[in-house]
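# Geometric and topological summary
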Amino acid sequence: MDEEYDVIILGTGLTECVLSGLLSVDGKKVLHMDRNEYYGGESASLNLTQLFKKFKNSDPPAELGRDRDYAVDLVPKFMMATGQLVQILTHTDVTRYLEFKQIAGSYVYREGRISKVPSTEIEAVSSPLMGLFEKRRAKKFFEYIQNYRPEDSTTHQGLNLREDPMSAVYTKFGLEPGTQDFIGHALALHLDDDYISKPAYETYERIKLYVSSMARYGKSPYIYPLYGLGELPQGFARLSAIYGGTYMLDKKVDEIVYEDGKFSGVRCGDETVRAKQVIGDPSYFPDKVKKIGQVVRSICLLKAPIPNTSDADSVQLVIPQNQVSRKHDIYVACVSSSHNVCAKDYYLAIVSTIVETNTPHAELEPAYGLLGPIHDKFTYVSDLMEPIEDGTKDQVFISKSYDATSHFGTTCDDVKDIYKRVTGQELVLKQRERKEAE
């Protein structure tokens, strides 16, 4: 281990593995280490035994089936069909290691019941989410979003989305609070209502992403990898290895070594390996990160589909904050045996939200009530950490924790941000030539 590397990467979470793949493709000499014996770090998928050991310190009951039938995500997220992560997967050609399946439906909780987020005009007309007159107003709003061109003022209808707040857009189209909830939280997927007072352009882009992802496959805008999200870091690890990256799992890091205030290497036992830069998840740098909040998540094992979702094998359900008197939305991501993540006739519904009280477990109660009978559940709270500095001074680049959002938008933003700080270049996605020396 007395070699010198360009970059050492600590932790095999998705952010770290994507960066490992991208930097290896760029010709950097990468060493990637993790203290765990499995890939994925915080964003791993666990088999049945690992799940019960982690949360209950016991063996799983035999009735749940075989270990290898399970791949339970610790951080539940779906992928937008036309989102940044799919672009990164396509451009790095990691898609050839993975298979994806569409999520069957997107739902929203409103006025005490679950309703499908309309995916076609016919569904929109018959949807119980809005009354007749409100549907007409909403139709005008969506036509506006569809026809809006930032550079063409004739499409602006007197609004400047880069400056005017989203509240001004809602007011212009006369949309009711319930419709605003639906647009802001089920389509734009904002976690809270702060967006209403901010320039409308980000919300416009988020709605466009939702609509274009919806158009890709119909039914819902989300896709999901077979065998769980733990497949994603492994796909990027394979990419890195093809381009010469070195991987070491089950490798304990004893010390981060600095010289003149700059990162110079990592010590494992008696060996120190040198590099110019280090990238890692917050758990490797407790003195260089700060806590900005907490997420509570609950993995619920069900024996039937979520009620009122037309027996869908997979759904995304958003419970907007206003509907349950909260400051943050609650998300439910449900997948099943058709995604090869649990035994036949079982369903995994993972509930998550930002913690607001001293009793985080109780904050998920509104969601539990919508899931039907829960066979078993595993609830845990994670700290949300982010780096105190940007890393350019000491060459230590730290990723952010995985937040409560329902898809990988914020994770991809973090990847692009770290990539730019490490390399000094913007991440430009372009199709790679295949490198077949596997």
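Residues numbered from 1 in each chain as written. Predicted model: local features only at pLDDT ≥ 70, side-chain atom pairs only at ≥ 80, totals over all residues. Heavy atoms only, no water.

Under an unreviewed UniProt entry, the name given to the protein chain is Rab GDP dissociation inhibitor alpha, and the organism recorded is Entomophthora muscae.

## Description of the sheet that holds strand β9 (residues 222-225)
The following threshold applies: At least two bridges found by DSSP between two strands are what make those strands a pair. Starting at the N terminus, helices and strands are each numbered in turn, a helix being any DSSP run of H or I of at least four residues and a strand any DSSP run of E of at least two.
Taken together, the three strands give an open sheet; going across it, the order is β5-β9-β6, and neighbouring strands pair in antiparallel fashion. For this open sheet the edge positions go to β5 (79-80) and β6 (100-102), each flanked by a neighbour on one side alone. Sheet analysis places β5 next to β9, joined by two bridges and oriented antiparallel. Bridge pairing in β9 links Met79 to Ile223.

## Here's the deal with the nonpolar core
Nonpolar side chains in soluble globular proteins generally cluster together in the buried interior. Here is the rule: Take the buried residues of types Ala, Val, Leu, Ile, Met, Phe, Trp, Tyr and Cys, join any two whose side-chain atoms come within 4.5 Å, and each joined set is a nonpolar core. Here the term buried applies to any residue with accessible area under 20% of the maximum for its type, exposed to any over 50%, and partly exposed to those in between, with areas from a 1.4 Å probe on protein chains only. Contacts between residues were defined by any pair of non-hydrogen atoms, one from each residue, lying within 4.5 Å.
Tyr70, Phe141, Leu161, Phe182, Leu232, Phe236 and Ile279 are the most contacted members of the largest nonpolar core, which totals 100 residues. Those residues in contact with Phe236 that lie beyond four places of it in its chain are Leu14, Cys17, Val18, Gly21, Ile88, Leu89, Thr92, Val94 and Tyr247. Ala104, Tyr347, Leu364 and Ala367 belong to the second-largest nonpolar core, a separate cluster that totals 25 residues.

## A closer look at the layout of surface pockets
We count it as follows: A 1.4 Å probe that fits but cannot get out identifies a cavity on a 1 Å grid over protein atoms alone, an open set with protein on both sides within 12 Å along at least five of seven lines counts as a pocket, and a residue lines either if it has an atom within 4 Å of a point. Grid points are joined across faces, edges and corners, and a volume is the space filled by probe spheres set on the points. Ten residue types, Ala, Val, Leu, Ile, Met, Phe, Trp, Tyr, Cys and Pro, are classed as nonpolar, four, Asp, Glu, Lys and Arg, as charged, and the remainder, Gly among them, as polar.
Put simply, the largest pocket is a space of about 810 Å³. Taken together, 25 residues form the lining of the largest pocket, with Pro118, Thr120, Glu121, Ala124 and Phe142 sitting closest to its centre. When contributions to the lining of the largest pocket are tallied by element, the ones reaching two or more residues are α4 (121-126), α5 (132-147), α7 (177-187) and α8 (201-217). If one sorts the elements of the lining of the largest pocket by residue count, α5 sits on top with nine residues. Among the residues forming the lining of the largest pocket, the class breakdown is 15 nonpolar, four polar and six charged.

## Focus: the packing of helix α3 (residues 84-92) against helix α9 (residues 231-242)
Keep this limit in mind: Fitted lines through C-alpha atoms serve as axes, helices being fitted only where they are in contact, and the angles separating the N-to-C directions of these axes extend from 0 to 180 degrees. Note that the term roughly parallel is reserved for angles under 35 degrees, roughly antiparallel for angles over 145, roughly perpendicular for angles of 65 to 115, and oblique for everything else. In this scheme, a crossing is called left-handed if the near helix is turned counterclockwise away from the far one by less than a right angle; it is called right-handed if the turn is clockwise.
Two elements in contact, α3 and α9, have axes separated by 11 Å at closest approach and are oriented at 30 degrees. Taken as axis vectors, α3 and α9 run roughly parallel relative to one another. Note on packing geometry: the crossing formed by α3 with α9 is left-handed. Taken together, the residues of α9 that come into contact with α3 (itself represented by Leu85, Ile88, Leu89 and Thr92) are Leu232, Phe236 and Leu239. Its residues assigned to classes, the contact of α3 with α9 shows six nonpolar, one polar and no charged.

## Quick look at the pairing of β9
Every second residue of β9 is oriented toward a common face, with Tyr222 and Tyr224 on one face and Ile223 and Pro225 on the other, all of them buried. As paired strands, β6 and β9 are joined by three bridges and run antiparallel to one another. Note that in β9 the partner of Lys101 across the bridge is Tyr224.

## Here we look at empty space enclosed by the protein
What the rule picks out here adds up to three cavities of 30 Å³ or more. Here the largest cavity defines a volume of roughly 50 Å³. In this structure, the largest cavity is lined by Asp73, Pro76, Lys77, Phe78, Tyr224, Ala333, Val335 and Ile350. For the lining of the largest cavity, the per-class residue count stands at six nonpolar, no polar and two charged. For the second largest cavity, the calculated volume is near 40 Å³.

## Quick word on the sheet that holds strand β16 (residues 330-336)
Across the sheet, which stays open at both edges, the seven strands sit in the order β8-β7-β15-β16-β17-β14-β18 with mixed pairing between neighbours. Where the open sheet ends on each side, the last strands, each with one partner, are β8 (113-116) and β18 (374-387). Each adjacent strand pair in this sheet contributes to an overall mean axis angle of 20 degrees, direction not counted. The sheet contact formed by strand β7 (residues 105-110) and β8 spans four bridges and is antiparallel.

## Comments concerning the packing of aromatic side chains
For clarity, the cut-off: Any Phe, Tyr or Trp ring, taking Trp's six-membered ring, that has another such ring centre within 6.5 Å forms a pair; planes under 30 degrees apart are called stacked, those over 60 apart edge-to-face, and the others tilted. Consider the ring centre and the ring normal. A charge sits over the ring if Lys NZ or Arg CZ is within 6 Å of that centre and within 35 degrees of that normal.
Counted according to the given criterion, the structure contains 15 aromatic pairs. Aromatic side chains Phe141 and Tyr170 sit 6.4 Å apart centroid to centroid with 40 degrees between the ring planes, which places their arrangement in the tilted category. Here Tyr170 lies in helix α6 (residues 166-173) and Phe141 lies in helix α5, a separation of 29 residues in the sequence. Taking relative accessible area as the criterion, Phe141 reaches 0% and is therefore assigned buried. Note on Tyr170: relative accessible area 1%, which makes it buried. An aromatic cluster of at least three residues, connected via ring pairs, comprises Phe141, Phe142, Tyr144, Tyr148, Tyr170, Phe173, Tyr195, Tyr201 and Tyr204. Directly above the ring of Tyr201 sits Arg162, whose terminal nitrogen or CZ lies 3.9 Å from the centroid.

## Topic: the environment of Gly391
Looking at where Gly391 falls in the secondary structure, it is placed in the loop between β18 and β19 (396-398). Residues contacting Gly391, with those up to four places away along its chain left out, are Val396 and Phe397.

## Overview of α6
Under the convention used in this document: Along the arc lie the directions from the helix axis toward the C-beta atoms.
What α6 keeps buried is the set Met166, Val169, Tyr170 and Phe173. Buried residues of α6 fall within an arc of 95 degrees about the axis and therefore sit on the same side. Positive phi appears at Gly174, one or two residues downstream of α6, with a value of about 65 degrees.

## Re α3
Each turn of an α-helix holds 3.6 residues, which means side chains three or four residues apart point in the same direction. Those residues of α3 that fall on the buried side of the exposure criterion are Leu85, Val86, Ile88, Leu89 and Thr92. Across the axial projection of α3, the buried residues extend over an arc of 160 degrees, all falling on one side. Among the structural elements, α1 (14-25), β5, β6, β9, α9 and α11 (409-423) are those in contact with the buried residues of α3. Once α3 ends, the next one or two residues include Asp93, with phi positive near 70 degrees.

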